[in-house]
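Coordinate inspection notes
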Amino acid sequence: MTAPDAARGAIRIHDLVKVYPGRDGQVLAVDHCSLDIAAGEICAVVGPSGCGKTTLLAALAGFHGIDSGSIHVDGHLLCGPGKPRAEVGPDRVVVFQNGALFPWKTNLENVAFGPIVQGKMSRREALDKAAALLDEAGLGDALHAFPGETSSGARRRVEIARALMTDPTILLLDEPFRALDALTKSVMHEALLEAHARRPATLFFITHDLNEAVFLGHRVVIMTARPCRPKHILEVDIPPPRTQALVTEPRYRALVQEVAALVHEEARRAFEANDREH
Amino acid sequence: MSIDATTRLATEIAPPATAHRRFDVRRIVLDPRRRRGAVSWLVVLLIWQLGASSGGWLAEPLPWIGRLPAPRDVLAAALELGVDPGYWHSWLASGGRVLLGFAAAVLCGVPFSLLLAGSARVRGVAYPVFELLRPVPPLAWVPAAIIFWPTQELSIAFVIFLGAFYPIVLNVLGGARSVDARFLETARSLGASRWSVFRRLLLPAVLPAMAVGMEVGIGITWEVVVAAEMISGGGAGGASASGGGLGFLIWSSYVGGSYPQIIVGMISIGVAGYASSALLRWVGARLTPWRREPAA
Amino acid sequence: MPDGPRQQPTPAWPRSLADAAPEWLWHAAAWLRSPAPYRMLIGYALALGAWYTCVDGLALPRFEDLPGVVDVFREWTSAAPSFGLSLHTPVYYEHILTSLRRVGLAFALATALGVPVGLLLGASPRFRDYVFPVLEVLRPIPILAWVPLAIIIFDGAESPVVFLTFLASFFATALNAQLGVRSIDPDFLLAARCLGAGKLAIFWHVILPGALPSIFTGLELSVGVAWFSLVAAEMVSGQFGLGYVINTSFTMVQYPTIVIGMLTLGIVGHATSAAVRLLGRSFMGWRARALRLEGA
């Protein structure tokens, strides 16, 4: 299944290694991981807890450096030999697990934040554009409210809108819907797909919810237990539009089961490894 | 991925082991961050020395800095005092007062605040009075204390007690009231008696807050001791019959005109205050081992 | 689609001040309906009763020299007070205003200097490396130990007092501002960087607002500390002011006036803390509303 036409955001991770200093010596988090992600693709990443997925995301975002290997985006070197750490920048925006909307700014100000600080447009323009974006997403009522007064589902949508305002090449999402209930989640999924259809960026999407991974992803990457590398990559060959009706279709269910079996294998391995360590 | 492969890779990548406990003097001295602090201090001392002696090499001494005693003279005074037994007696005198007042504050403050935490009724009655008197600085109590207590030592101890009492009570109260209600409910549902809950849940939960309150309290204690010694040495108490103390040392140095000694006294008190805070911090850390930071 | 013309996003604080008016009325009414005010009155009554009993009623041995409730209140409210100070005498208010003026000046200076220094200490490791070692050595020295030095350096009676008060407030403010910066959730900083913010933008949009709650806590503390130092300084070397009142009343054996001074200090101290707190609330409307929603 091909992503909507978008020329930017192809990620090429090659032979990545990342080591952390841990309590008893070094911990290998990512072990010679190689992965190619097409431009505009929604790539869902699943795997057992603590396997290193977030480390991968952080390396992509530039939050920390890598020890060996390289990452290229659209052919340009992001980090690699001679440049161990990528720059943090508005072309790769992160949506955080626990939410990072600035509580002291209104939702509107939050969404307009990116273009304003980048100096790309005047404050007036940015606020107008942000208002339009929020209206599109159905959040027109929450414009002048503070994040603390907004429901968690709406907050996540505002955060995604904020990320999309800067027209990023790549969107990095770290379990963004983890804290939401199932009903809100289903609304979020549709909202995310809509947003992606309007502004196709490459989505690198970490999640523990296997249903979510298959529902949203063009491909699902199943990571091994720590240290992580792709164990298996599954093509989700379900054509758009993806709606809630999908949930009952046999093809969808089969894919979810396949993913579940693979993740379960790795989870057991992680569990036993932990057992043996103690 | 087998465990052996993982550990092999880990050791291949790991740098040569550094013994964490070894005291590497070279590393400490050459650490760029410490160097910056040292540079700052050198600059400060240089400016101080130049400014203090500006009367000598300028037409007129600089304002403010020009009146300070020079670092060189301070050093000389420090060496003089270091061999003077009266100086070390001052340490004991001040230290003794601190200990007495502070111990009283802890012994009264902790039960009082636990009482307040335990009962909303008692809190409703006692807390407003407590709060009303809080902004009254301990030193404002000195005259009343002198009238009331038979000896000057006791009045100083009382004022110290007041100073440390408030932060201890406030912190312990805050700590007790922040115990998650679910812990209490869990304990009760597991069959714990009220006393058990108190001893095994509330008390340990309160220990970190108590440690913080005590650390804040000791700082205030030293403030009050110094002030009380200065006031009773130079003012309200009339002709000083006080047993010396570092605050008195400072005041009498001022009155006697030996200005470099003032600074020696100030530094001494700073050291004493810092040492007592550090001691309390250490005690607090021992009392609350579960709050140790995760290594790395 | 919202109907009506799209409005400019209004700044937080005028809106919250306007909204707050009917709300505090509601809170006041709720408070009156709860047992709290009655317990409070009982507390005050008990305290006053104990005071009366010990001093006037039973005239217990150490207590009998203390000024009694009746004496104090009679003096405080009389139009012709025997010791010259009461609610009716203009000199009373002169003393209050003098102290307020000093505290206000010192507090303003300390905030103007302390907040930027504290923010920089938290935000810039380099600045911290240079400045923190110097501050950390000076901080443990009790403020009152600076009194003689302050008198030596500064001319007149006002400047040393204001300097000492400033010093105490400065440390409290700077430290809390620093703490505020360091307690900002790192995710906010990372998010800002992701969205393309440079260092200046991060400081203005994230660090400053993020540290604001801690800064205001620090400011409340700083006001308390300011009063503490002011009173002490006034007691040692001042003319006019509440500390001076307390000290001279004592030396001139005008005991009821001591208590008047202390109570006045309590009230004025409370008022200034409350003023800072209200100011904080108006700056941080977003926080008040979020806390309210959480049911705090």
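1. Notes on the overall build of chain A
Of the regular secondary structure elements, chain A holds seven helices and ten strands. Computed over C-alpha atoms, the radius of gyration of chain A comes to 19 Å, within 12% of the 19 Å expected from 2.2 N^0.38 for 278 residues, which places it in the range of a compact globule. Burial analysis of chain A (278 residues in total) assigns 49% to the buried set.

2. Focus: the overall build of chain B
Along the backbone of chain B there are 13 helices and zero strands. Its helices and strands taken in sequence order, chain B reads α-α-α-α-α-α-α-α-α-α-α-α-α from the N to the C terminus. In chain B, which comprises 296 residues, the share counted as buried stands at 37%. Here the contacts in chain B between residues at least 6 apart in sequence split such that 65% fall between residues at least 24 apart.

3. Points about the domain arrangement of chain A
Residue and element names in this part refer to chain A. Parsing chain A into structural domains produces domain 1 (11-91 + 169-277) and domain 2 (98-167). Listed as interface residues are 13 residues of domain 1 and, on the opposing side, twelve residues of domain 2. Sort the elements by how many residues they give to the side of domain 1 that touches domain 2 and helix α5 (residues 182-198) lands first, with six residues. For the side of domain 1 that touches domain 2, the class distribution of residues is eleven nonpolar, one polar and one charged.

4. A look at the sheet that holds strand β10 (residues 230-235) of chain A
All names here are of chain A. Here six strands make up an open sheet; going across it, the order is β6-β7-β8-β3-β9-β10 and the pairing mixed. With one partner strand each, in any of the chains shown, β6 (92-95) and β10 form the two edges of the open sheet. Sheet twist, expressed as the mean angle between neighbouring strand axes with direction ignored, is 20°. In this structure, strand β3 (residues 42-46) lies alongside strand β9 (residues 219-223), joined through four bridges in parallel fashion. In the strand pairing of β9, Val-45 is matched with Val-221.

5. Thoughts on the confidence of the model for chain B
Residue and element names in this part refer to chain B. Summarising the model, chain B shows a mean pLDDT of 79, and 84% of its residues fall at 70 or more. Confidence drops under a pLDDT of 50 for residues 1-21, and excluding neighbours within four residues, the segment shows 16 contacts in the predicted structure. Below pLDDT 50 for its whole length, residues 234-242 participates in 23 contacts with residues either more than four positions away or in separate chains. For this predicted complex, the interface confidence score (ipTM) comes to 0.87, while the overall pTM stands at 0.80.

6. Topic: the interface of chain C and chain B
Contacts between the two partners involve 48 residues from chain C, matched on the other side by 45 residues from chain B. Of all the secondary structure elements, the ones that give two or more residues to the side of chain C that touches chain B are α2 (36-57), α5 (125-138), α6 (147-153), α9 (199-236), α10 (242-251) and α11 (255-283) of chain C. With nine residues, the single largest contributor to the side of chain C that touches chain B is α11(C). For the side of chain C that touches chain B, the per-class residue count stands at 35 nonpolar, nine polar and four charged.

7. As for the environment of C:Val137
With respect to the helices and strands, C:Val137 occurs in helix α5. C-alpha of C:Val137 to C-alpha of C:Gln178: the two residues are 41 residues apart in sequence and 17 Å apart in space.

8. Examining helix α12 (residues 246-256) of chain B
Residues and elements named next belong to chain B. Within α12, nine of the eleven residues are buried, which leaves the element mostly enclosed by the surrounding structure. Looking at α12, one finds that the buried residues are Leu-246, Gly-247, Phe-248, Leu-249, Ile-250, Trp-251, Ser-252, Ser-253 and Tyr-254. Gly-257, located one to two residues past α12, shows a positive phi value of around 85°.

9. With respect to the environment of C:Arg102
All names here are of chain C. Here Arg-102 lies in helix α4 (residues 90-123). What makes Arg-102 buried here is the crowd of 26 C-beta atoms within 10 Å. Spatially, the C-alpha atom of Arg-102 lies 25 Å from that of Met-252, the residues being 150 residues apart in sequence. Apart from residues lying up to four places away in sequence, Arg-102 is in contact with Val-161, Val-162, Thr-165, Leu-230 and Gly-241.

10. Points about the pairing of strand β1 (residues 11-22) of chain A
All names here are of chain A. By the bridge criterion, nine bridges tie β1 to strand β2 (residues 25-37) in an arrangement that is antiparallel. Counted as the bridge partner of Arg-12 is Asp-36 from β2. With five bridges connecting them, β1 and strand β4 (residues 68-73) associate as antiparallel partners. Paired with Ile-11 across the two strands is Val-73, which belongs to β4.

11. Observations regarding the packing of helix α7 (residues 120-133) of chain B against α2(C)
At their nearest, the axes of α7(B) and α2(C) sit 7 Å apart, and the two run at 60° to each other. Classified by the angle between their axes, α7(B) and α2(C) sit oblique to one another. Read as a crossing pair, α7(B) and α2(C) show a hand that is right-handed. Residue-level inspection shows B:Arg121, B:Gly124, B:Val125, B:Ala126, B:Pro128 and B:Val129 of α7(B) in contact with α2(C), the latter providing C:Ala36, C:Arg39, C:Met40, C:Ile42, C:Gly43, C:Tyr44, C:Leu46 and C:Ala47.

12. Remarks on the confidence of the model for chain A
Residue and element names in this part refer to chain A. For chain A, mean pLDDT is 86; residues scoring 70 or higher make up 96% of the total. When pLDDT is averaged over each element of chain A, β3 comes out on top at 93 and helix α7 (residues 250-277) at the bottom at 84. Note that pLDDT drops below 50 for residues 1-6; the model gives that stretch 16 contacts with residues more than four away or on any other chain.

13. As for unusual backbone geometry
All names here are of chain A. Even without being glycine, Glu-175 reaches a positive phi, approximately 45°. For Glu-175, the location among the structural elements is in the loop between β7 (170-174) and α5. Its 19 C-beta neighbours within 10 Å are what place Glu-175 among the partly exposed residues.

Rules used throughout
- Residues numbered from 1 in each chain as written.
- Chains lettered and ligands numbered in written order.
- Predicted model: local features only at pLDDT ≥ 70, side-chain atom pairs only at ≥ 80, totals over all residues.
- Helix = DSSP H or I, 4+ residues; strand = E, 2+ residues; numbered from the N terminus.
- Rg over C-alpha atoms; globule rule 2.2 N^0.38 Å.
- Buried ≥ 20, exposed ≤ 12 C-beta atoms within 10 Å, placed from the backbone.
- Contact = placed C-beta atoms within 7 Å.
- Domains from an automatic or database assignment.
- Nonpolar A, V, L, I, M, F, W, Y, C, P; charged D, E, K, R; others polar.
- Pairing = 2+ DSSP bridges.
- Axes fitted to C-alpha atoms, helices over the stretch in contact; angles between N-to-C directions.
- pLDDT = per-residue confidence, 0-100.
- Parallel < 35°, antiparallel > 145°, perpendicular 65-115°, else oblique.
- Left-handed = near helix turned anticlockwise from the far one by under 90°.

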